[in-house]
Amino acid sequence: MLANQHVLEGNRLVNDLTSSNLKSSETGIESQRIIARYMLDLGAEASIHKFHRQLNHFHPLHFFSSPDSGIIEENYSCSSYGINTVGIIRAPRGDGKEAIVLVTPYNALKSGLGEALSIGIAYSVFSLLSQVTWLAKDIIWLVADSRYGEYAAVSAWLRDYQTPKFSSLSTLDAEMCPDIDNLYDLKVNSITGSKFSSSFKRAGTMAAALVLKVRNKSDQFEDTISIYAEASNGQMPNLDLINVVNYLAVHRQGLHVKVEKLWSLLNSSWLKILGEIFESLGKVAKSLNPKWKFGITATEYVEGTATLASSLYYQALGLPTGPHGAFRDYQIDAITLEILPKFSSDKVRHSDILLRGGRLIEGVIRSVNNLLEKFHQSFFLYLLTSPSKFVSVGVYMIAFALLIAPLPIVAASLYVDASSLGNCSKSDKSTPSASLDTDEHSITIGSWMWLNSAKLVFLVHLWGAIVSLIPYVICQIPDCTPTTSFMIWVLLSMLSFLTLYSVLASPLSCAKASQEKEWALVKSVTISSVFIGLGLMSVINFATAEIGALLMVPMCLLARPLKLDVRAGTLRSFSRMIGNLVLGLIAFPPAAFFLLKGMLDGFGSVNVGAFWIWVESLWAWNSATYLFIGMVHLPCWVLCIHILLHTC
Amino acid sequence: MALLQRPFLVLLLIVTHQFLQYWVAFGSVNEECQKQEEFNEELLLKPLPDRKALAHFHFQSSAPPSTSNGRHHHLFPKAISQLVQKFQVKEMELSFTQGRWNYESWGGFDPISSSNAKPPGVELWAVFDVPQHQIDASWKNLTHSLSGLFCASINFLESTTTYSAPEWSFPPASGNLRYGTLPREAVCTENLTPWLKLLPCRDKDGLAKLLDRPSIYRGFYHSQRLHLTSTGSGSEGMDSGIILEQTLTAVLRPNSRRASMAHAREKHIQPSWSLSSIFGKQVSGRCVLVKSSNVYLLLDRGLVSELKHLYKENEKLVANDLATKNFWTNPSFELSAKPERVFIEENSMHSNSSSILYKFPVEKYSESEPFDLGVIWKDPVVWLCQQAPLRASRFLMGSGNERGTIAISLKSTQLSEGFMGANANDKRCELRVYVFQVVPWYVKVYFHSLQVFVDQQPKAVSDIIEKINVSPSKDKVSPGVMEVVLKLPCRVTSAALTIEFDKGFLHIDEYPPDANQGFDIPSAIISFPNFHASMVFLEDDSLNKSPLLSKFQEKSPVMSYTEVLLVPLTTPDFSMPYNVIAITCMVFALYFRSLVNVLRRRVAEEERFLKDKAARKTGWPLPLLSKLSAKLRGRQWEPPHSAPASSSFINSKLVFKVILVAGLAVGWQYYFS
């Protein structure tokens, strides 16, 4: 158990770090030295890991490839490297096959008290673990140099851990940079005999990883821990890891645990009304039979919905919500814990945070340590509704399946209608005494009519692929502001659309008679392609598919030429027209983005460049959402607009 | 008949008895002129640089080749001699290890680390003196016997997928060698007790009495080893002589009392320890059956040179004086007992530093005056143990469940530069490294993907690899074995060997109980044939040669083991079969129900039955009348449909009533609760 003595040691390190911060903050090497020395004092193996910042480029060919292959050798200079400090405790009686990783991001250049505190917590746990006898797995403590971002440091270390390069042609050696040399005079620690090394140190297969952060500036009324779990493409760590953290934090340390919420949803009145309806229904049910306990309170409902929405949103985005995302790329379960201490300014609080945070980390590490097998019992596919509640894949898939189930049916019925309508009109026009073979001929033409619309749909999808490749070209243009990049992108997209339209797709080539039902066939093929796209996407990233389906399914199902509605002139057709127009506006990806952003952050902050930045982040993180938007959503929207504007 | 037989039998008995007596007498005479069975016990203690202490117990029993004692021995454990005789074992080694040997701080060049640092779990190798085709059978039988003898699951080594036959890379190389490891075997007292039973005094007396279970298993590393060599009998009739060497190596942390005091200077001093503080027991005399019983304290080269350095600074004395008898009391440390002899290592290569060995015979001590060797440190000393020329580590690369890469990286240890420096400038100077690697069949190694990097430059495989022997794995039959001789330049700083593999699929019942943990790849063995780990201590009397010291003198190549690797393989959802069974059963039940219904039900007959029923209900005249009228009208008669219609009507009415009553009840409950 983490005792006061460990906390004192942690506190000492925090004080050293904060004071050294004042002393020399020009290189930040001093704090690395201090941390390495403390690690050595414990008898742990300390080493440093240099890495270079890797700029995120868009490589269309490397989109789905594993994280290691997209590396380009570049000429690095001494100025653009970061230094991770790594300490490893070998389990005294373990066989060293497995390891648990503890990560504390630390920016030596401008570190606040929060970062120093997170190091203090990690150190106090580390000092405890260097003495305990129950360790079965090695412990790796990574102090990630977050001057180029937390994620970059962790992913660089993981890349060197998992896929090291033995042949290095252009990487610079430590000797070339003068200030790293200062680290090497630590050499051998006289107390413990542990050595400091510059070579990359390894432990076994990683079982789990915890990223620990302390945010100092917070206005919480109680000590809170927020859990971030989403990794790239909506991958989640095993639910058991979250459960362990939640259980230990709530029941052992008395901490308040929260997960990310969409705050704007908390104040929405319609949610509250819905919640109240559910609450009263629950009450009624309970009064009928006390065993029926499905009622939840309105506030709980609203909070759960807000959490669910945020969980869905972050998974759909496909961007990792913290440095833990780097671990998920290597199938390692990892989460980020952010400790938000109660607002106060006195020093006593520090040791309290160290004690409680340290005990929580100790408990989690001990739980993982005691596991014989890696996490596999619980869910990997889930959406959180609160730190202790979730919606599993078996439940949310039903909603999605119901949402997309009409698509193939409607497509089939549209196709059948269109072909039968064609035949009827044909037979009406042709004289009853027409020869049998012309009739057969028309039937064969009619049954192959859909090919024409399939061609159109295919071309639009091709255009979508081209549009999603255009950013690669735009990236090459130097000194582009996001706004201009976006504008260039839009212009190029439209240009390519027009060329494709004029060159390949000439929809007027068809006979006049078939035009009446052409839109129905186009709609049918569009719907089928959307169905296929959504089905595929639900396997890759469910949340994206879900949100996409929410936008696209009504749009696809409602789409009907405006001319027809105008001609009909009834109230029903008028309302359908309005609905079509609104959906056509909302479902356009940039429009949807701006609308959502405006709803969440207020419309004041919305500018055109924001979308470009967002898209840039999507492809930089190899998010499949980008491909979905480019190759499923956008073509579908174009096709629906095509149907709306159809001249029949 | 019986009467006739009895005197004959008695006669026979007498004759045989006399013959036996003569034979036994002859045997004893024969034995006297030959060697006696011997038992030696020795304990070597060594302070380690990282504030720990190494205890190395060495028990050696030997049975000389003889025809005399037949199947009986005075001291030698019968179980072992039976084993040797039955399976014709020429040489065998079995080790049980827990923990990892820390090559960096506990040394990798001395005889102890080279022959006693073992991979975690169980390692067994044996050389058989039988024809080639019988070796596998002998091996299987041997594993089963050892499994019973040592209460361990060594019998898992019986399967051909677990053992291999290295050709030349394993040091006692010979065609009759079989080698197998069980990395996941847990080692505990149940393995130690049978091992101790092989000692003549067990753990009741002598040095073995120190083997206090809790203190040994609390340590950082312990490895119990059993090594036997049968010397082979010259003639047919004689049994082979056997030398059984039992060693137990433990790395323990002395719990220093001063640790609590966080005084800056005290913290830097090595913790003082004694036998009683690390084992909780003292030596109260030797085992009575023993030939010699000694305790040694070894100060390795690094420590001695460091001490000399300190000594020089303090006392301004000439270095030669250090090797005198009174070295055991010096400013840096103090021994609680006076050693009988001090040995200084005879070594031409390391003239400036040679290790020092203190010998403490246990004979002098008794129950009343127990022997308790203690080392009391007075000055902080920092030293490094001698390292093997290259430090080997092995790790997995890649991610995902499909493929990966095994990498063996060899890094030059700066310490070894000293003794390579002499001929390092020579361009032809080559450092030979043997790599022996066994991979289980489900890790499908592609040997063509072998890549070699020397000093971070990719090299052609043929330039670096002098000799390679590969036997690819066969699915579910044999593991893949790779034996490589690397020929590296002496000035190499780092070398790496990578080889890619695909992860295979196992059948569902081939998965071990904890399949989700992953699968082990046993340690690779890296040996350096050009370097020999030996320490030569000159002894005066060649008669009473200490087995431990003569063991140290043996020129065995420096060997080191790499880490055990854990490969996560794809595991099936083990609960899936139950789900599948449940769903299938449900589908089958539905199908058969409908099928049986279709087959069993005779629609026509049921209709007739219904008709009959209806007829009986309505009475006979009505249908008859209607039939009649139908006939009269010339139309086909239709049976009345009123009955089913009325029943359905009743049903809906009933449902409505039930709903009404339920609604009333709900309302009632809601308003009056």
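In the annotation of an unreviewed UniProt entry, the entry for chain B reads GPI transamidase component PIG-T-like isoform X1, and the organism field reads Durio zibethinus.

As recorded by an unreviewed UniProt entry, chain A carries the name Glycosylphosphatidylinositol anchor attachment 1 protein isoform X2 and is attributed to Durio zibethinus.

(A) Quick look at the nonpolar core. Grouped together as the largest cluster of nonpolar side chains are 84 residues, with contacts concentrated most on B:Leu45, B:Met92 and B:Leu297. If we skip the residues at most four places from it in the chain, B:Met92 touches B:Leu124, B:Trp125, B:Ala126, B:Leu142, B:Leu146, B:Leu226, B:His227 and B:Leu228. Listed in part, the 73 residues of the second largest apolar core include A:Val14, A:Ile100, A:Leu212 and A:Ile353.

(B) Up close: the packing of helix H22 (residues 608–620) of chain A against helix H23 (residues 624–644) of chain A. All names here are of chain A. In contact at an axis separation of 7 Å, H22 and H23 are set at 120 degrees when each is read in the N-to-C sense. Our classification of the angle between H22 and H23 gives oblique. On H23, the residues touching Trp-614, Val-615, Leu-618 and Trp-619 of H22 are Thr-625, Tyr-626 and Ile-629. Partitioned by chemical class, the residues of the contact of H22 with H23 number six nonpolar, one polar and no charged.

(C) Spotlight on the domain arrangement of chain A. Residues and elements named next belong to chain A. Taken domain by domain, chain A consists of domain 1 (4–18 + 27–54 + 77–165 + 175–260 + 321–376), domain 2 (261–317) and domain 3 (394–423 + 439–504 + 512–645). For domain 2 and domain 3, the distance between their C-alpha centres works out to 32 Å. Counting residues at the interface gives seven residues for domain 2 and 12 residues for domain 3. Interface area for domain 2 against domain 3, summed over the two sides, is near 750 Å², with a carbon-plus-sulfur share of 68%. The tally of links between domain 2 and domain 3 comes to zero salt bridges. The interface formed by domain 2 and domain 3 contains four residue pairs in polar contact (both at pLDDT 80 or more). The leading source of residues in the side of domain 2 that touches domain 3 is helix H9 (residues 298–317), at five residues.

(D) Looking closely at unusual backbone geometry. Positive phi, normally seen in glycine, also occurs at A:Gln331, with a value near 60 degrees. Here A:Gln331 is to be found in the loop between helix H10 (325–328) and strand S9 (333–340). A residue is classified by how much of its surface remains accessible, and A:Gln331, at 42% relative accessible area, is partly exposed. One non-glycine residue, B:Lys476, lies in positive phi territory at about 60 degrees. Among the residues examined, B:Lys476 registers a relative accessible area of 43% and is labelled partly exposed.

(E) Region of interest: the packing of aromatic side chains. Applying the stated criterion to the full structure yields 48 aromatic pairs over all chains. For the ring pair A:Phe400 and A:Phe542, a centre distance of 5.5 Å and an interplane angle of 75 degrees mean the geometry is edge-to-face. Here the residue A:Phe400 occupies a position in helix H12 (residues 393–404), and A:Phe542 occupies one in helix H18 (residues 542–558), the gap between them amounting to 142 residues. Accessibility expressed as a relative area gives 2% for A:Phe400, which makes it buried. Note that A:Arg202 overlies the ring of B:Phe395, its terminal NZ or CZ placed 3.6 Å from the centroid. When the ring centre of B:Phe220 is taken as reference, the NZ or CZ atom of B:Lys52 above it lies at 4.4 Å.

(F) Quick peek at the state of the cysteines. Considering all chains together, one arrives at one disulfide over all chains under this definition. A disulfide bridge connects B:Cys201 with B:Cys287, and the sulfur atoms are separated by 1.6 Å. Where B:Cys201 bonds to B:Cys287 through sulfur, the torsion about that S-S bond is close to 65 degrees, and the disulfide is right-handed. Taken together, the residues span a long stretch of sequence, with B:Cys201 in the loop between helix H6 (189–197) and helix H7 (213–217) and B:Cys287 in the loop between helix H9 (275–279) and strand S10 (292–299) at a distance of 86 residues. Given the relative accessible area of 0%, B:Cys287 is considered buried. Free cysteine: A:Cys640, not disulfide-bonded; nearest cysteine sulfur from A:Cys556 at 4.1 Å.

The rules behind these values
Residues numbered from 1 in each chain as written. Chains lettered and ligands numbered in written order. Predicted model: local features only at pLDDT ≥ 70, side-chain atom pairs only at ≥ 80, totals over all residues. Heavy atoms only, no water. Core = buried A, V, L, I, M, F, W, Y, C linked by side-chain atoms within 4.5 Å. Buried < 20%, exposed > 50% of the residue type's maximum accessible area, 1.4 Å probe, protein only. Contact = heavy atoms within 4.5 Å. Axes fitted to C-alpha atoms, helices over the stretch in contact; angles between N-to-C directions. Helix = DSSP H or I, 4+ residues; strand = E, 2+ residues; numbered from the N terminus. Parallel < 35°, antiparallel > 145°, perpendicular 65-115°, else oblique. Nonpolar A, V, L, I, M, F, W, Y, C, P; charged D, E, K, R; others polar. Domains from an automatic or database assignment. Buried area = accessible area lost by both parts, 1.4 Å probe. Salt bridge = Lys/Arg side-chain N within 4 Å of Asp/Glu carboxyl O. Polar contact = N/O pair within 3.5 Å; in protein donor to acceptor, adjacent residues only side chain to side chain. Phe/Tyr/Trp six-rings, centres within 6.5 Å; stacked < 30°, edge-to-face > 60°. Lys NZ or Arg CZ within 6 Å of the ring centre and 35° of its normal. Disulfide = S-S within 2.5 Å.

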